[in-house]
Amino acid sequence: MDDPSAARYTGTAIGLHWLGAALVLAGFGVGLAMTGLPFGPLKFRVYAYHKWIGVTVFLVALLRLAWRVRHPPPPPV
């Protein structure tokens with residue numbers, strides 16, 4: 001009999017996926033919020049947060065690619 005857990009993505013792959021999704025949503029929210037801010041130190045700080053969220057999304061995407069190379073996806077159902 002086939003092991004049903006063998007036909008699933010790994011917990012790490014799932015976690016990296018949802019971490020990336022959450023970061024993209026957070027970056028989108030921060031990006032929307034920063035457009036209405038007046039020019040000043042707060043606006044620069046929020047821009048920096050937005051930038052670092054984007055850098056982190058990129059790094060998570062690299063981690064996902066590296067994980068995928070070593071752990072192939074499950075076969076289609």
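Structure: see above.
Residues numbered from 1 in each chain as written. Predicted model: local features only at pLDDT ≥ 70, side-chain atom pairs only at ≥ 80, totals over all residues. Heavy atoms only, no water.

A few points about the overall build of the protein
Quick note on the threshold: By definition, any uninterrupted DSSP run of H or I lasting at least four residues is a helix, any uninterrupted run of E lasting at least two residues is a strand, and each is numbered from the N terminus. We compute the radius of gyration from the C-alpha atoms alone; for a globule the expected value is 2.2 Å times N to the 0.38, where N is the number of residues. Exposed residues in this analysis have more than 50% of their type's maximum accessible area, buried residues have under 20%, and partly exposed residues fall in between, with area computed by a 1.4 Å probe over protein chains only. The contact criterion used is simple: two residues touch if any of their non-hydrogen atoms lie within 4.5 Å. Areas reported as accessible are Shrake-Rupley estimates using a 1.4 Å probe. Residue values count occlusion only from the protein chains shown.
When helices and strands are counted, the protein shows two helices and zero strands. In terms of overall dimensions, the protein is more spread out than a globule: its C-alpha atoms have a radius of gyration of 18 Å, far above the 11 Å expected for 77 residues. With the C-alpha coordinates aligned to their principal axes, the bounding extent of the protein is approximately 65 × 20 × 15 Å. By residue count, 17% of the 77 residues in the protein fall in the buried class. Sequence separation of 24 or more characterises 63% of the internal contacts of the protein that already satisfy a separation of 6 or more. As presented, the protein carries roughly 6200 Å² of accessible surface, and 73% of it is formed by carbon and sulfur atoms.

Focus: a nonpolar patch on the surface
To be explicit about the condition: Two joining distances apply to patches: 9 Å for like charges and 5 Å for nonpolar side chains (Val, Leu, Ile, Met, Phe, Trp, Tyr), and every residue must have over 30% relative accessible area and no salt bridge. Counted as salt bridges are all cases of a side-chain nitrogen of Lys or Arg within 4 Å of a carboxyl oxygen of Asp or Glu.
A cluster of nonpolar side chains, contributed by W52, V55, F58, L59, L62 and L65, occupies part of the molecular surface with about 610 Å² of accessible area. Given a relative accessible area of 51%, F58 falls into the exposed group.

Brief notes about the environment of L32
Counting through the fold element by element, L32 comes out in helix α1 (residues 11-35). Placed 44 residues apart in sequence, L32 and P76 show a C-alpha to C-alpha distance of 38 Å.

Comments concerning the side chain of K43
Looking at where K43 falls in the secondary structure, it is placed in helix α2 (residues 41-70). Since its relative accessible area comes to 18%, K43 is described here as buried. Those residues within four positions of K43 in sequence are excluded, and the remaining contacts are M34, T35, L37 and P38.

The quantities given are spatial measurements derived from coordinates; they are silent on function.
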